[in-house]
Amino acid sequence: MAGARVESVALGRPDLRFPFPERFAERIAGQRIETLSRRAKYLLAELSSGETLLMHLGMSGSFRAASGIAGADAFHHPRSKLAAHDHVIFDLVTSDNEPARVIYNDPRRFGFMTLVEAGGRDTHPLLKDLGMEPTGNRLDGPWLAAAFAGKRTPLKAALLDQRIIAGLGNIYVCEALNRASLSPTREAGTLSRRGPVAARRAEKLATAIREVIAEAIQAGGSSLRDHMRTDGTLGYFQHTFRVYDREGEPCPTPGCGAPVTRIVQSGRSTFYCRHCQR
Ligand SMILES: [Zn+2]
């Protein structure tokens with residue numbers, strides 16, 4: 001899509017999670033996509049008009065390229081291709097002057113798209129308060145300690161707070177805390193105390209966050225499956241999960257093996273090991 005000109009946009013319905021903005025297709029058609037980037041969980045396509053197309057995959061959204069472009073499939077992991085769930089179709093002419101079609105498919109429609117006005121990226125409600133990128137080099141122990149200083153909230157809540165670290169969701173927070181041997185119920189501010197113990201904990205957590213995200217990207221993410229399990233429930237790809245959705249199973253920390261516990265924090269499931277996560 002980067003460098004391509006949008007010939008037309010076809011919408012299969014008036015909304016996804018939210019209604020499309022006014023004249024959505026008309027405002028994109030005819031524009032060139034100057035850059036493609038990401039901020040937190042948002043995909044951003046900067047248009048030649050100055051507006052930015054902001055896209056969020058929700059739980060089950062995916063893009064696929066229906067074109068003869070070599071290598072286009074390399075970016076697509078197996079997901080739904082049911083035409084009934086193809087909600088947005090971008091017809092493009094690539095920078096190599098090839099026609100291409102990019103299709104947004106979303107069975108559960110928790111994803112959404114909107115347009116950010118020219119010059120509005122820093123002030124847009126969805127973007128202006130976002131915190132540190134978890135994959136950036138600046139996320140380390142001292143930074144985390146400073147960010148959590150004085151916070152009485154549980155670590156789980158502090159890590160899910162998108163104003164502190166942007167883009168960490170429930171699964172990866174559970175996974176990172178298990179690797180770092182830290183309890184999700186521990187006060188976040190305890191990582192900011194003076195002395196080497198707190199500093200080591202903060203460093204270990206920062207490292208765990210970066211590793212969990214890097215491995216998840218390598219594995220193709222952990223999106224909700226499009227297809228039901230045989231018992232009718234929806235499940236996540238969980239090939240690499242240590243504790244998430246593993247209540248009662250043994251903790252994989254070497255030498256531990258205690259059963260994984262599930263608790264509810266702020267209305268969401270937390271999975272952790274009471275034995276080795278303190
Ligand atoms: Zn354990």
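Residues numbered from 1 in each chain as written. Predicted model: local features only at pLDDT ≥ 70, side-chain atom pairs only at ≥ 80, totals over all residues. Heavy atoms only, no water.

Colleague: Explanation requested: the nonpolar core in the structure shown.
Modeller: The nonpolar side chains of soluble globular proteins are, as a tendency, buried together. By size, the foremost hydrophobic cluster in this structure holds 34 residues, and its most contacted members are Phe 148, Leu 155, Leu 159, Ile 165, Leu 168, Leu 205 and Ile 209. Of all the secondary-structure elements, those providing two or more residues to this core are helix H2 (141-148), helix H3 (155-160), helix H4 (170-179) and helix H5 (196-218). Residue contributions to this core peak at eight residues, all from H5. Residues contacting Leu 168, with those up to four places away along its chain left out, are Lys 41, Pro 134, Leu 159, Leu 160, Gln 162, Val 173, Ile 209 and Ile 213. (Core = buried A, V, L, I, M, F, W, Y, C linked by side-chain atoms within 4.5 Å. Buried < 20%, exposed > 50% of the residue type's maximum accessible area, 1.4 Å probe, protein only. Helix = DSSP H or I, 4+ residues; strand = E, 2+ residues; numbered from the N terminus. Contact = heavy atoms within 4.5 Å.)

Colleague: Looking at this model, I keep getting lost on the sheet that holds strand S1 (residues 5-11). Mind explaining?
Modeller: In a beta sheet, neighbouring strands are held together by backbone hydrogen bonds and run either parallel or antiparallel to one another. Spatially, S1-S6-S7-S5 is the arrangement adopted by the four strands of the open sheet, whose pairing is antiparallel. Each edge of the open sheet carries a strand with a single partner, namely S1 and strand S5 (62-65). Ignoring which end each strand starts from, the neighbouring axes of this sheet average 20 degrees apart. As defined by bridge partners, strand S6 (residues 86-93) adjoins strand S7 (residues 99-105) across seven bridges and the pair is classed as antiparallel. Its bridge partner lying in S7, Asp 91 is registered against Arg 101. (Pairing = 2+ DSSP bridges. Axes fitted to C-alpha atoms, helices over the stretch in contact; angles between N-to-C directions.)

Colleague: Please explain the coordination of the zinc ion as it appears in this structure.
Modeller: Each angle at a metal carrying four tetrahedral donors should ideally be 109.5 degrees, and each at a metal carrying six octahedral donors should ideally be 90 or 180 degrees. Protein-derived ligands of the zinc ion are Cys 251 (SG), Cys 256 (SG), Cys 273 (SG) and Cys 276 (SG), with the metal-ligand distances lying across 2.3 Å. Here the zinc ion binds four donor atoms, and the angle range of 101 to 118 degrees at the metal identifies the geometry as tetrahedral. On the primary sequence, the residues serving as donors to the zinc ion are separated as C-x4-C-x16-C-x2-C. A residue pair is termed long-range when its members are at least 10 positions apart, and Cys 256 in the loop between H5 and strand S9 (261-265) and Cys 276 in the segment after strand S10 (268-272) qualify at 20 residues. (Donors = N, O, S within 2.8 Å, 3.2 Å for Na, K, Ca; no water. Tetrahedral: all angles 85-135°; square planar, octahedral: opposite > 155°, others 65-115°.)

Colleague: Got a minute to help me understand the packing of aromatic side chains in this structure?
Modeller: Centre distance and the angle of the planes are the two values used to describe a pair of aromatic rings. Tallied over the entire structure, the rule returns six aromatic pairs. For the ring pair Phe 20 and Phe 24, a centre distance of 4.9 Å and an interplane angle of 35 degrees mean the geometry is tilted. In this structure Phe 24 comes out as buried when scored by relative accessible area, which is 2%. Centre to centre, the rings of Tyr 42 and Phe 112 are 6.3 Å apart; their planes meet at 65 degrees, and the pair counts as edge-to-face. Of this pair, Tyr 42 sits in strand S3 (residues 42-47) while Phe 112 sits in strand S8 (residues 112-116), and the two are 70 residues apart along the sequence. Across the pair, exposure class does not vary: Tyr 42 and Phe 112 are buried alike. Members of the aromatic cluster, joined through ring pairs, are Phe 18, Tyr 42 and Phe 112. (Phe/Tyr/Trp six-rings, centres within 6.5 Å; stacked < 30°, edge-to-face > 60°.)

Colleague: What am I meant to see in the sheet that holds strand S2 (residues 33-39) here?
Modeller: What the four strands build is an open sheet, ordered S2-S3-S4-S8; its pairing is antiparallel. Edge positions in the open sheet fall to S2 and S8, since each of these has one partner strand only. Strand-to-strand twist of the sheet, defined as the mean angle between neighbouring strand axes without regard to direction, takes the value 20 degrees. When strand S4 (residues 52-56) meets S8, the two strands line up antiparallel, connected through five bridges. From the neighbouring strand, Leu 54 faces S8, where its bridge partner is Thr 114.

Colleague: How do you make sense of the pattern of salt bridges when you look at a structure like this?
Modeller: Scanning the entire structure with this criterion turns up 14 salt bridges. We note a salt bridge from Arg 5 to Glu 7, for which the minimum N-O separation is 2.7 Å. The class of Arg 5 is partly exposed, set by a relative accessible area of 39%. Residue Arg 163 pairs with Asp 161 through a salt bridge whose shortest N-O separation is 3.0 Å. Looking at Asp 161, the relative accessible area reads 19%, which means it is buried. (Salt bridge = Lys/Arg side-chain N within 4 Å of Asp/Glu carboxyl O.)

Colleague: Where do I start with empty space enclosed by the protein in this structure?
Modeller: A probe matching the size of a water molecule, rolled over the atoms, marks out where space remains unfilled. Counting across every chain of the model gives one cavity of 30 Å³ or more. The calculated volume of the largest cavity comes to roughly 80 Å³. Lining the largest cavity are Tyr 172, Glu 175, Arg 179, Val 212, Glu 215, Ala 216, Thr 240 and Phe 241. Looking at the lining of the largest cavity, the elements with two or more residues in it are H4 and H5. Along the lines of polarity and charge, the residues of the lining of the largest cavity split into four nonpolar, one polar and three charged. (1 Å grid on protein atoms, 1.4 Å probe; cavity = no way out; pocket = protein on both sides within 12 Å on 5 of 7 lines; lining within 4 Å. Points joined across faces, edges and corners; volume = space filled by probe spheres on them. Nonpolar A, V, L, I, M, F, W, Y, C, P; charged D, E, K, R; others polar.)

Colleague: I tried to follow the side chain of Arg 64 on my own but got confused; where do I start?
Modeller: Of note, Arg 64 is situated in strand S5. With a relative accessible area of 15%, Arg 64 lands in the buried category. Within the structure, the side chain of Arg 64 is placed 3.0 Å from the side chain of Asp 86, a separation counted as a polar contact. (Polar contact = N/O pair within 3.5 Å; in protein donor to acceptor, adjacent residues only side chain to side chain.)

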